[in-house]
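In case you want the letters, here they are:
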Amino acid sequence: KSREMCDEQMLVEEPMSDSPISMNQSYDPASIPEYPFPMEQIPRMSINDPRLQHLIETSQPVVITDSQLVQPALKWNLRYLKSNLGDGLYYVYSSHNNRFKYFDKERAKQCSSFKQPTTRKEVAFSDFIEMLKKCNESTERIYLQQTLNDTVGPNIVQDYLQFNWHFVSRIQSKMQWGDLSSNLLLIGQEGNITPVHYDEQENFFAQVSGFKRCLLFSPDQFECLYPHPVSHPCDRQSQVNFSNPDYQRFPKFRDAHAVEAIVGPGDVLYIPMYWWHQIESLASAEPYDHGFTDDAASSCGSDTSDEDIPPVTVSVNFWYRSSPLPQQIEYPISAQQRVSVMRNIEKMVGAVMGSPDEVANLLRTIVDGRYN
Ligand SMILES: CCC[C@@H](CC(=O)O)C(=O)C(=O)O
Ligand SMILES: [Zn+2]
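Given the structure is predicted, the values throughout are model-derived calculations rather than measurements. (Residues numbered from 1 in each chain as written. Chains lettered and ligands numbered in written order. Predicted model: local features only at pLDDT ≥ 70, side-chain atom pairs only at ≥ 80, totals over all residues. Heavy atoms only, no water.)

Within this structure, the stated rule accounts for 27 aromatic pairs. A ring pair is formed by Tyr160 and Phe163, whose centres lie 5.3 Å apart and whose planes are at 50°; its orientation type is tilted. Residue Tyr160 is classed as partly exposed on the basis of its relative accessible area, which comes to 23%. Site record: aromatic cluster; members linked through ring pairs are Tyr35, Phe37, Phe217, Phe242, Tyr247 and Phe253. Geometry around Tyr91 places Arg120 over its ring, the cationic atom sitting 3.8 Å from the centre. Lying over the aromatic face of Tyr247, Arg254 brings its terminal NZ or CZ to 4.0 Å of the ring centre. (Phe/Tyr/Trp six-rings, centres within 6.5 Å; stacked < 30°, edge-to-face > 60°. Buried < 20%, exposed > 50% of the residue type's maximum accessible area, 1.4 Å probe, protein only. Lys NZ or Arg CZ within 6 Å of the ring centre and 35° of its normal.)

Grouped together as the largest cluster of nonpolar side chains are 50 residues, with contacts concentrated most on Trp76, Phe125, Ile187 and Phe204. With 6 residues, helix α5 (residues 125-135) is the single largest residue contributor to this core. The next biggest cluster of nonpolar side chains, apart from the first, holds 21 residues, and it includes Tyr35, Phe37, Phe217 and Val339. (Core = buried A, V, L, I, M, F, W, Y, C linked by side-chain atoms within 4.5 Å. Helix = DSSP H or I, 4+ residues; strand = E, 2+ residues; numbered from the N terminus.)

Close to ligand 1 lie 14 residues, the nearest being Tyr143, Thr194, His197, Asp199 and Lys212. A distance of 3.1 Å is found between an oxygen atom of ligand 1 and a side-chain nitrogen or oxygen belonging to Asn203. Between an oxygen atom of ligand 1 and a side-chain N or O atom of Asn317, the distance comes to 3.0 Å. Bound to the protein, ligand 1 loses 94% of the 360 Å² it would expose on its own. Among the residues forming the shell around ligand 1, the class breakdown is 6 nonpolar, 6 polar and 2 charged. (Near = heavy atom within 4 Å. Polar contact = N/O pair within 3.5 Å; in protein donor to acceptor, adjacent residues only side chain to side chain. Areas by Shrake-Rupley, 256 points an atom, 1.4 Å probe, with all protein chains shown as cover. Nonpolar A, V, L, I, M, F, W, Y, C, P; charged D, E, K, R; others polar.)

This is the structure we're talking about:
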């Protein structure tokens, strides 16, 4: 019931912005994977809601529903992007399943036993569309993840300049965040999953088209989510597969509890730094409008029509470097600071001992029989 409610609520609560392209109005609740942990809803509120400031100041996730942050991007369907993104190259990841677990390429090269979960290609956007068409006949899935850069065409530059920079810059300066480090353009197939991980930057995650289910876990659930060692190619990524958890290796995963938000076009989710998040592209409840069909019908008769291409979701994130460490450390230290301390200890011990394999032995020697 709550799903349908949520779905209808999505329909009732926010009249979609008047975009020239028919906006997918809802998602298919049946496309939402079920997990064993309890979930509460992340609050959704207007940019003018008096509670918003406090939630961001206290590093609490929140969905801002009417920020107009990426309003000019709401028309970014594949046809528009193909016509306007220019001839730059785009990183496209491929996976044999629906999981796109991030890994550090350089570290992977040094780790002979490491099995790469995805492969990466650098292709022109039109090639990405051709790759999408091929996904219709295979179980292979792809996910374009590319930092927006100055290779984009003039129309995309105009759209970008008309993002609601006043909104994000006001928060950036009030929170004393560092620079905007990048905007990542994310275009993936429905069903794609970015498995649970944390980032060391603040993130305004803006949904452009389609729907994504976002599961967030507070930084103090580090013990329940068992991240890989910091020297591992999958540093910051959890070792736990929500779809097939190994409770023998990860018993405390039973204690994990999430907050959830389903974001649609125009929604912006604040993902505070160090907060764990898993992001899942949902199935839209209506046929997907990539914008080619009217081309095919019209005089210019493009060789592509919408049915050839599987539905996708589009997001743009805004990663900000964190604010500087406070002059005065307040005790008890925050969960974020605790994670940062653990990371520094892991790095230092690994470096001093010359091998990450020595980290566990040394830390156990310090703790066993003395601190426990
Ligand atoms: C590579 C970044 C992927 C993104 C999640 C998603 O949209 O799949 C995310 O994790 C973030 O914005 O931090
Ligand atoms: Zn992330």
